[in-house]
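Structural overview for review
For reference, the chains in residue letters:
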Amino acid sequence: MNEHDIIQKARQGDQDAFCQLYGQYRHRLYRYAFYRLGNEGDAEDAVSDCVLSAWQQIGSLRDPKAFPAWIFRILSGCCAKLIRQQIDRRKEDPLEPDTGAQAAGAGSFVGTRPTGTQATATGDIPGTEDSLLLRDALATLPEEDRNIVLLSIVAGFKSREIASMTGLTAGSVRSRLSRNLKKLRAFLEEQMEIPS
Amino acid sequence: MKDYDFIKDRFEQDGLEPPESLSPDAIRARLAEQPQHPAKRPANADPRPAFSPKHPWRRPLIAFAACACLALALIPVNRALSPGLPSASSADDSGLLTFSSQRQLDRAVAGLVENQYPTSDVTILENLTGREDLAEAPDNEMSGTAGDSAENYAQDTAGPSQGTQGKTQSAAGTPDHSTTYTQVEDVDEADIVKTDGNYIYYVSRVENQVIIARAKDGRTKRVAAVANHGNTSTENLYIRGGQLIVIGQADSEILRSAGSSWRSSTVVTVYDVTDPAKPEKTGQYIQTGNLLSSRLVDGRICLVTDDPIYNTASDNIPMVSCGEELSPIELKNIRCFPDAVTAAYTVIGLVDPRGEKLSADSITTSAVLGGSQEIYCSGPNLYVTGNAAEKAKKNLLTGRTSQPDSQNTRILRVSLSKGKVKYRATGVVSGWINNQFSMDEYKGYFRVATTSAKNGEDVNNLYVLDEKMKETGSLHGFAADEHIKAVRYMGSQAYVITYRQTDPLFIVDLSDPANPTIQGHVKISGYSTLLVPVDKDHVLGFGFSTETGEFGEYTNGLKLALFDVSDPMNPKVADSWERAGIQSEIQNDHRALLVGPDADFYAIPYSLTYTAGGGDDPVTIFDDAEELPTDGDDTDVADGSGTDVADGSGTDSADTDRSPEVSDSGTKGNPGILMISAKGGKIKILRDIPSKEELSRCIYIGDWLYGLTWEDDIESFPMK
């Protein structure tokens, strides 16, 4: 059964088909959420919220081909909600450790680099060493550009698809991608040269 | 290794694994505890998901509304704004809502922000009025508004309604040269490269600047560059009358609004390039929002941006600047779509760059609450489209509502006459549009083709609207289970390409605005994404070839299809040409089309999508000798061809070694330029010109072709 058929079955309320479909996107969804939010606990919550919302709404999904953009749009909304919660938490308790992602909705990551093994506010293990380095690299980008990079690299969308999702023109997406990938690479190569 | 591959590898090796709680089995167990999927609910169940009733207080209204639904169903959206409703705002004569206080605007914004996710079925109008119209709208309901009774619409529409452009123009003493291929003649569209016949102006994304290069006889020499700084990117440009107009996008800390780390703005910078070697900045205009699109019409830049709203703070109001501090648009210049669903402003700026310096007096800016998607500009009129709220459908027998299975497109007509932005009328059509070519204005009528969903299946429609954006005629539901890929209007006819597994071309007769009818259609494999009128009898389609794989159809290359439309009742495929394994920017962007002198040929850049058989062996793509001329085919590059990029210091640097490889029977694994003839009902590949690098655009000046590479370089080739 191809993905189109699986989506059709899920739309008709077939729970197994929906779970099979989710299984195909699980890693991409989780990775996207982790790098948007900066810690595993919030990423888990975001994906969990996303999948439950998607199940509730999939009956109204118009075009099966639109499923990838649709599910990531839902996830993006869930992430935005969690970012707001992170900001609120931080306002209530300024001493709460900045997981990096908290800055996603409120400013630059620069200067708030995680220390690798530091536990997050929720006590979760913050991620692998490589993922933390990538998170640090992403933290050097503005929020919108970070999202574009993730939609391209992690979610696998093309520039035109990202353009329609973000409201940017495809040309703008391409130029931003090009600029920011160069920037990320420079950051990562510099970090990799530093002996641990 | 390319940056993309390098970064992708790093992400794929990051070691991240979703926790067990997110395994499909764990999710399955959790779903079992959730409310049943809407599709499986009993017919009498509340169709709204249990987790998302944002306005539970409205439910008691359903019974009341059910009684009144028949009467309300026929009331257009704008008429629901009658004084009897406790409206927080009022409608102007174009059907847009106006605000008399900041508080009203804040309330409208709050409604949009709260409802944006998940998608709501409650319109902003209902949020503002506190009322809910649960009537079921007829499938073909159009809600239009009268807005310009005092104005003569004929004046608004005076001017060319369409063009077969891309033609050349040349002033005395200036070599013949190409212009950007645009949808409407005399309505220029910004692009990444332009020429005035002596100089090439092009966007360097790598250097984030516009480079000005002298071009003569295949030699190019960089003479100057104008750069954007900081977080401002360089997107595209116009040249007109000794002026270079550069459009960029900026993320600025200055523009940060509460709760958001960034706010995008679009920056228009005007340079005097009377002496192209010494560009002089004469002004800069900033308008908040992401660049949607722009046009150059009657010497003025029409700039449309989409300014997202992230929260309910008042500082989200669009701002503008012309050399001074950014200031918010005045409330009197802000409107609201009655059926807005997107939390964003559509900002429309009309900038007159003529004059020694850009001043605030030469700019008009206004904003409409509600996001935008595409624009079409006929010259006198600008049409802006966006998502419109679609009502929940109500079953008249049971009184129950269900989620809409399609979406509507709202269209705003704005007059640009006399340098003023005037909202004229709004209308709504069922479905969504493909791109700007889906729209057209002709003899006072606006035509738009849409795809909508009906019972879970795509269907296609074509609407004709009058100057008040009221439907005069429509064609519903053609090409079931297919969707529109390309549209082109020629006078009183529309050519529509739809696609599922084949590429039918439909010819629609629009001569009677009240009764659009399909005259004929013809099918061909693959599909076109751009239709170009060749002559009165032929239309050339550029698009994708397709093949059937394990999971259905997928695109596998470039395809040209020449349609004979001389008998509209019986169109034919006059000729076609396709090659797997190559792609062209023309498949995504009409501006990649070059129309040769006197429309003798078309030229498009292409690149390889894969190498057959893998490895480093070159693939012969053009191996059909019959399609290639037997003589004059060699890309015999004259001495001095190639790119000669100076550092802007004015010194004449030596030629670089950029002679393209000679191609006898076709490209051997190179990207390049295809020169195509579509005369006499035949597609002929006149030449295949290999290039060193992949090209995004090609232009011509005199007898030379110039190709702009993705790496912001220029290659040149003799045209003959």
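Residues numbered from 1 in each chain as written. Chains lettered and ligands numbered in written order. Predicted model: local features only at pLDDT ≥ 70, side-chain atom pairs only at ≥ 80, totals over all residues.

So, about the overall build of chain B. If you tally the helices and strands in chain B, you get 6 helices and 43 strands. Counting over 720 residues, chain B shows a buried share of 50%. Residue pairs at least 24 apart in sequence account for 59% of intrachain contacts in chain B once pairs closer than 6 positions are excluded. (Helix = DSSP H or I, 4+ residues; strand = E, 2+ residues; numbered from the N terminus. Buried ≥ 20, exposed ≤ 12 C-beta atoms within 10 Å, placed from the backbone. Contact = placed C-beta atoms within 7 Å.)

Moving on, we get to the overall build of chain A. Broken down by element type, chain A carries 8 helices and 0 strands. The linear arrangement of helices and strands in chain A, starting from the amino end, is α-α-α-α-α-α-α-α. Among the 196 residues that make up chain A, the fraction classed as buried is 52%.

Quick look at the pairing of strand β19 (residues 381-388) of chain B now. A regular strand carries its side chains on alternate faces of the sheet. Residue and element names in this part refer to chain B. The buried fraction of β19 amounts to 8 of the 8 residues, a majority that puts the element mostly inside the structure. Where strand β18 (residues 374-377) lies against β19, 4 bridges are found, and the strand directions are antiparallel. The partner of Cys377 across the bridge, within β19, is Leu382. Linkage of β18 to β19, two consecutive antiparallel strands, is achieved through a turn of 3 residues, within which Gly379 is found at a positive phi near 115°. Relative to strand β22 (residues 408-415), β19 runs antiparallel, the two sharing 8 bridges. Counterpart to Thr385 in the pairing with β22 is Ile411. (Pairing = 2+ DSSP bridges.)

Okay, the pairing of strand β30 (residues 505-509) of chain B next. All names here are of chain B. Among the 5 residues in β30, 4 count as buried, and that is most of the element. Two elements, strand β29 (residues 493-499) and β30, share 5 bridges in a ladder whose sense is antiparallel. Across the sheet, the residue bridging to Ile497 is Leu505, located in β30. Where β30 and strand β31 (residues 517-522) come together, 5 bridges link them in antiparallel fashion. In the sheet register, Phe506 faces β31, and the bridge partner there is His521.

This part is about helix α3 (residues 40-57) of chain A. Here α3(A) spans 25 Å end to end across 18 residues, near enough to the 26 Å set by a 1.5 Å rise per residue. Most of α3(A) sits inside the fold, with 15 of its 18 residues counted as buried. (Expected span 1.5 Å × (residues − 1).)

All right, on to helix α2 (residues 15-37) of chain A then. Given 3.6 residues to a turn, an α-helix orients residues that are three or four positions apart in the same direction. Its 23 residues give α2(A) an end-to-end C-alpha distance of only 28 Å, which falls more than 12% under 33 Å, the value for a rise of 1.5 Å per residue. Of all the bends in α2(A), the greatest, near 55°, is centred on A:Tyr25. (Bend = angle between axes of the 7 residues up to and from the residue.)

Residues and elements named next belong to chain A. Axis separation between α2 and α3 bottoms out at 9 Å; the angle between their running directions is 140°. Taken together, the axes of α2 and α3 are oblique relative to one another. As for the relative orientation of α2 and α3, their crossing is right-handed in sense. Contact with α2, carried on its side by Phe18, Tyr22, Leu29, Tyr30, Ala33, Phe34 and Leu37, involves Glu40, Asp42, Ala43, Ala46, Val47, Cys50, Val51 and Trp55 of α3 and no other residues of that element. For the contact of α2 with α3, the per-class residue count stands at 13 nonpolar, no polar and 2 charged. (Axes fitted to C-alpha atoms, helices over the stretch in contact; angles between N-to-C directions. Parallel < 35°, antiparallel > 145°, perpendicular 65-115°, else oblique. Left-handed = near helix turned anticlockwise from the far one by under 90°. Nonpolar A, V, L, I, M, F, W, Y, C, P; charged D, E, K, R; others polar.)

Residues and elements named next belong to chain B. Located in the positive-phi region is Asp186, a residue other than glycine, with phi close to 70°. Note on placement: Asp186 falls in the loop between α6 (153-157) and β3 (193-195). Positive phi outside glycine occurs at Ala479, with the angle close to 50°. Along the chain, Ala479 falls in the loop between β27 (471-478) and β28 (483-490).

Residue and element names in this part refer to chain B. Strand order across the open sheet formed by 4 strands is β3-β4-β5-β6, with antiparallel pairing between neighbours. In this open sheet, the two edge strands, each paired with only one partner strand, are β3 and β6 (219-227). Within the sheet, the average angular offset between the axes of one strand and its neighbour, ignoring direction, is 20°. Direction of pairing for β3 relative to strand β4 (residues 199-204): antiparallel, over a ladder of 3 bridges. Opposite Lys194, over in β4, you have Tyr201 as the bridge partner.

This part is about the confidence of the model for chain B. Residue and element names in this part refer to chain B. When pLDDT is averaged along chain B, the result is 75, and 69% of the positions lie at 70 or above. Scored below 50 in pLDDT, residues 117-122 shows 14 contacts in the model against residues more than four places distant or in partner chains. Every residue in residues 610-668 scores below 50 in pLDDT, and together they form 106 contacts with partners more than four places removed in sequence or on other chains. At the level of chain-chain contacts, confidence expressed as ipTM amounts to 0.85, with global pTM at 0.66. (pLDDT = per-residue confidence, 0-100.)

Moving on, we come to the environment of A:Asp145. All names here are of chain A. With respect to the helices, strands and loops of the structure, Asp145 is situated in helix α6 (residues 143-154). Judged by local crowding, Asp145 falls into the buried class, with 21 C-beta atoms found within 10 Å. Sequence spacing of Asp145 and Leu177 is 32 residues, and the spatial spacing of their C-alpha atoms is 7.5 Å. Not counting chain neighbours up to four residues away, the residues in contact with Asp145 comprise Arg176 and Asn180.

Once that is clear, we can look at the sheet that holds strand β25 (residues 445-454) of chain B. All names here are of chain B. With antiparallel pairing, 4 strands are arranged side by side in an open sheet as β24-β25-β26-β27. Looking at which strands have only one partner, the edges of the open sheet turn out to be β24 (439-442) and β27. Looking at each pair of strands side by side, their axes are set apart by 20° on average, direction ignored. Here 9 bridges tie β25 to strand β26 (residues 457-465), and the two strands are oriented antiparallel to one another. Paired with Thr451 across the two strands is Asn460, which belongs to β26.

Turning next to the confidence of the model for chain A. Residue and element names in this part refer to chain A. Scored by pLDDT, chain A has a mean of 75; 69% of the residues are at 70 or more. Mean pLDDT across the elements of chain A ranges from a minimum in helix α7 (residues 159-166), with 73, to a maximum in α2, with 93. Across residues 98-125, confidence stays below pLDDT 50; counting only partners more than four residues off in sequence or on other chains, it has 67 contacts.

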